[in-house]
Amino acid sequence: MHFDAQTARNHMPKGLVALMDQAQGAINTEANAAAPEGVARRTFLKAAAASGFALGAYPLVAAAQGAGDAATPAGLKPFEQPSAFVRIDTDGTVTVTINRLDFGQGVQTGLPMILAEELDADWAKVRSVHGDANPAYADPAFGMHLTGGSNSLKNSYTQYRELGARTRAMLVSAAAAQWGVDASTLRTNAGFVVGPGGKKLSYGALAEAAMQQPVPEKITLKDPKQFRIIGKPTGRLDAQAKSSGQQDYGIDVRLPGMLTAVVARPPVFGAKVKSLDDSAAKAIKGVKAVLRVPTDRGGEGVAIIAEGYWPAKQGRDALKVEWDTAGVEKADTAQLLTQYRALAQQTGAIAIPADVAPLANAPQKISAEFTFPYLAHAPMEPLNCTVKLDGDKAELWMGTQMPGLDAMAAAKVLGLQPQNIKVHTQMAGGGFGRRAIPTSDYVVEACGVAKAARTAGITAPVRTLWSREDDIKGGYYRPMHVHRAEIGFDAQGNILAWDHVIVGQSILKGSPFEAFMVKNGVDATAVEGMKEPYKIPMRLSVHHPQVNVPVLWWRSVGSTHTAYAMETLLDEVARATEQDPVAYRLRLMGDKHPRHKAALQLAVDQSGYGKKKLAAGRAWGVAVHESFSSVVAYVVEASVSKDGTPKLHSVTAGVHCNLAVNPKSVEAQVQGAALMGLSMCLPGAAITLKDGVVEQSNFGDFAVPRITDMPQVVVHIVPSAEPPTGMGEPGLPPLAPAFANAVARLTGKTPRELPFKVA
């Protein structure tokens, strides 16, 4: 299979290219060694289905030994594995296997649209299913199983187009053989091969014969002008199941005889059980076992295994546990804030060098400090993992963004061979990064529970469930950050010098990605989104303190805080020099960054910015930001009530994501991301710790937006035929700064702290 690696590199987030290069070197070495003589490194394999036709693409990929996720389990050769990306049944149904997790972003529709376009399938007969940890389903650019970084459509666009085109060519060849005509005289349309005189053969009727055709090495892809599926607003394939309550998620898995476990975890990360009285728990009807089990970060917890969630929870509530917190750091956010502020006064590890001497004599200056709290992912479906042990084999059911990595972690915990771990990827009810954990924490824990249960004589499958409270208290948060900026500029708004310091934990520290994405002491994810696209002399430095709080990427990663600092500070310079914030941004972009300009101008034009008269007490707010190779600009309308409460009324988005495969999905992702960006602004949207204990536990004390908070969000997309870029995350970063800039125009003061403080 051909994949345009250079195109992928051009659209990757900065900082990830090094990871790909390192991983690809190991991929090439291992793949070439594994391939049998005469077999190309990337080979198409065919396999007969019970009826119909299946075509699979098997890139021989394996992650670098130090990169954590093994696309190919040790000792297992990918060309030995049964797999298929597209299956055509005799009734014409086309089933497309997606190589990603769908957890709301719509790839279960988007990827089939791409394949169906080149296949010339009848869209009404297209279905989709999740792949698993099979090496065939590794990301073709990274060589590892991964749903993240808004890479799904971006990295698999060419892959799925070629799959569709090759399948179509084989169907045409089969029809040509049956009719005794030259294949070049045939065409395809909506699930049929059309021959001379208008005679037709359905894809279903041709499926078996197509199976016997050689897979073409060279194919011709459609000109985008010919697209009839790609680029058209399309309803999602899972919409009916989800809207009718029939969609199953990982939490809904039911197996014969299955038991349910909940775990009492230590209140301080890494603590252990000092003493345990489980007599009351064992007395609860339905409780089968109470077991001490390992938990994340070297801690220890107590698992209650029962006949259902409710008796398991009651059993946990009845436990009397004394925790041993000696020897573990007890993080306190109030103390951390003091420490971070002190660090921010010092230059850290240099991420971007620049001369800041002109600050001393700058005509005008801005000194600013920003604080950003820890944030929980809090997906609607809490974490869960079901484990079934059967001799030297195991099966796992969960919604995972990294099935290969999780399978390897499970194998290690269970003491099994990696090839004996079967992962059933389930639809997930959200995740925002929480289901892509380098430590595989919740999977490792579930396997530890299942292993302990087996030792205790329990042979039934065990489903480990997290409650909402477990999820919010359970760790892996967006890191807390402090930014300090010193900016010198003249009366025309020319930036003479900009000294910027970021303080916050590294999310890559100790992860498999550290070796590739932490350079010179700088975590690339912590600084992404700084400086660009503006031509400014910025010195950027970073401090990464180590704290006993598990941290992880959170939707849009570093851009959750860098976009806010950049876009509010630029707006402040524009106000100080009495310049229009849109014109000022365009000026700082110079003669480059056409995608940024197009997105910003589209949002401006569609919103009526500068032309429409706003209602009394309202103001415009503007922000534009690129993340994951896509640009989103927002023009918002906001007000501030008499008691100082900010209110967001409307949002107009200008989006440049190159080709929008499904404009409906782009619209949905931007609207959802805007809402999540709004969540960062609302009072109560913070995770705090005192004496090592997370103080929040549910939506009553970790605020999320309600329907009354949701503004009108109208999305406009810049037309483009270039290969698509990511859209799962880019809608989030510019929302909060656009809102803050509107508030600043009303109050004269930029909010420097998230969430916003009500006066």
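Scoring rules and cut-offs
- Residues numbered from 1 in each chain as written.
- Predicted model: local features only at pLDDT ≥ 70, side-chain atom pairs only at ≥ 80, totals over all residues.
- Heavy atoms only, no water.
- Helix = DSSP H or I, 4+ residues; strand = E, 2+ residues; numbered from the N terminus.
- Buried < 20%, exposed > 50% of the residue type's maximum accessible area, 1.4 Å probe, protein only.
- Contact = heavy atoms within 4.5 Å.
- Pairing = 2+ DSSP bridges.
- Axes fitted to C-alpha atoms, helices over the stretch in contact; angles between N-to-C directions.
- Parallel < 35°, antiparallel > 145°, perpendicular 65-115°, else oblique.
- Nonpolar A, V, L, I, M, F, W, Y, C, P; charged D, E, K, R; others polar.
- Expected span 1.5 Å × (residues − 1).
- Salt bridge = Lys/Arg side-chain N within 4 Å of Asp/Glu carboxyl O.
- Phe/Tyr/Trp six-rings, centres within 6.5 Å; stacked < 30°, edge-to-face > 60°.
- Lys NZ or Arg CZ within 6 Å of the ring centre and 35° of its normal.

**Examining the overall build of the protein**
Move 1: Within the protein, the regular secondary structure consists of 19 helices and 30 strands.
Move 2: In the protein, which comprises 759 residues, the proportion classed as buried is 61%.
Move 3: Long-range contacts, defined as pairs at least 24 residues apart, comprise 77% of the intrachain contacts of the protein with a sequence gap of at least 6.

**Considering unusual backbone geometry**
Negative phi is the rule for most residues except glycine; trans is the rule for most peptide bonds.
Move 1: For the bond from Glu 532 to Pro 533, the omega torsion is 5 degrees, close enough to zero to count as cis.
Move 2: Residue placement: Pro 533 occurs in the loop between helix H14 (524-527) and strand E24 (538-543).
Move 3: Geometrically, the link from Leu 754 to Pro 755 is a cis peptide bond, its omega value of -5 degrees lying close to zero.
Move 4: The phi dihedral of Phe 628 is positive, around 55 degrees, even though this residue is not glycine.

**A word on the sheet that holds strand E18 (residues 421-425)**
Move 1: With respect to topology, seven strands assemble into an open sheet ordered E11-E12-E9-E19-E16-E17-E18, the strand pairing being mixed. The two strands at the open ends of the sheet, each matched to only one other strand, are strand E11 (287-294) and E18. Each adjacent strand pair in this sheet contributes to an overall mean axis angle of 25 degrees, direction not counted.
Move 2: Here strand E17 (residues 393-398) runs beside E18; their pairing, made up of five bridges, is parallel. Across the sheet, Ala 394 pairs through a bridge with Ile 421, a residue of E18.
Move 3: Where helix H8 (residues 309-318) meets the sheet, it contacts strand E9 (259-264), E11, strand E12 (300-306) and strand E19 (462-465), and its direction lies at approximately 25 degrees from that of E9.
Move 4: Sheet strands touched by helix H10 (residues 403-414): strand E16 (384-390), E17 and E18. Its angle to E18, the strand with the most contacts, is close to 140 degrees.

**Here we look at the packing of helix H4 (residues 152-179) against helix H5 (residues 203-211)**
Move 1: The N-to-C vectors of H4 and H5 enclose an angle of 90 degrees; their axes lie 9 Å apart at closest approach. Classified by the interaxial angle, the pair formed by H4 and H5 is roughly perpendicular. Here H4 contributes Arg 168, Met 170, Leu 171, Ala 174, Ala 175 and Gln 178 to the contact with H5, which in turn contributes Tyr 203, Leu 206, Ala 209 and Ala 210.
Move 2: Of the residues contributing to the contact of H4 with H5, the split by class is eight nonpolar, one polar and one charged.

**Focus: the environment of Thr 97**
Move 1: Take Thr 97: it is sitting in strand E4 (residues 94-98).
Move 2: In this structure, the C-alpha to C-alpha distance between Thr 97 and Arg 87, residues 10 residues apart in sequence, is 8.4 Å.

**A closer look at the sheet that holds strand E27 (residues 646-656)**
Move 1: Ordered by their spatial adjacency, four strands build an open sheet running E25-E26-E27-E30, and the pairing between neighbours is mixed. The open sheet is flanked by strand E25 (618-627) and strand E30 (712-717), the only strands paired with a single partner. In this sheet, adjacent strand axes meet at a mean angle of 15 degrees when their direction is disregarded.
Move 2: Sheet analysis places strand E26 (residues 630-640) next to E27, joined by 10 bridges and oriented antiparallel. Looking at the pairing, Val 635 lines up with Thr 652 of E27.

**Details of the pairing of E9**
Move 1: In terms of burial, E9 is largely enclosed, as six of its six residues are buried.
Move 2: Here E9 runs beside E12; their pairing, made up of five bridges, is antiparallel. Counterpart to Ala 261 in the pairing with E12 is Ile 305.

**Some remarks on H10**
Move 1: The terminal C-alpha atoms of H10, which comprises 12 residues, lie 16 Å apart, in line with the 16 Å expected from a rise of 1.5 Å per residue.
Move 2: Where H10 is concerned, the buried positions are Pro 403, Gly 404, Leu 405, Asp 406, Ala 407, Ala 409, Ala 410, Ala 411 and Leu 414.
Move 3: Two residues or fewer past H10, Gly 415 is found with a positive phi of approximately 70 degrees.

**A look at the pattern of salt bridges**
Move 1: Taken as a whole, this structure holds 36 salt bridges when the rule is applied.
Move 2: Salt-bridge contacts for Asp 120 lead to Lys 222; the nearest nitrogen and oxygen are separated by 2.8 Å. Taken as a pair, Asp 120 in the loop between helix H3 (107-119) and strand E5 (126-130) and Lys 222 in the loop between H5 and helix H6 (239-243) lie far apart in primary sequence, 102 residues in all.
Move 3: Judged by relative accessible area, Asp 120 falls into the buried class, the value being 8%.
Move 4: Between Lys 274 and Glu 322 there is a salt bridge, with its nearest N and O atoms 3.8 Å apart. Separated by 48 residues along the polypeptide, Lys 274 in strand E10 (residues 272-277) and Glu 322 in strand E13 (residues 320-324) bring together distant segments of the chain.

**Section: the packing of aromatic side chains**
Move 1: Scanning all chains against the criterion turns up nine aromatic pairs.
Move 2: Where Phe 513 meets Trp 553, the ring centres are 5.8 Å apart and the plane angle is 70 degrees; that geometry is what we call edge-to-face. You can see Phe 513 sitting in the loop between strand E21 (495-504) and helix H13 (514-517) and its partner Trp 553 sitting in the loop between E24 and helix H15 (559-576), a full 40 residues away along the chain. One exposure class covers both Phe 513 and Trp 553, and it is buried.
Move 3: Sitting over the ring of Phe 192, Lys 200 keeps its end group 5.3 Å from the ring centre.
Move 4: Over the face of the ring belonging to Trp 466 we find Arg 265, whose NZ or CZ atom lies 3.8 Å from the ring centre.

**Quick look at the side chain of Ser 152**
Move 1: The topology assignment puts Ser 152 in helix H4.
Move 2: Judged by its relative accessible area of 7%, Ser 152 is buried.
Move 3: Leave out the neighbours within four places in its chain, and Ser 152 touches Arg 100, Gln 105, Val 107, Leu 111 and Thr 147.

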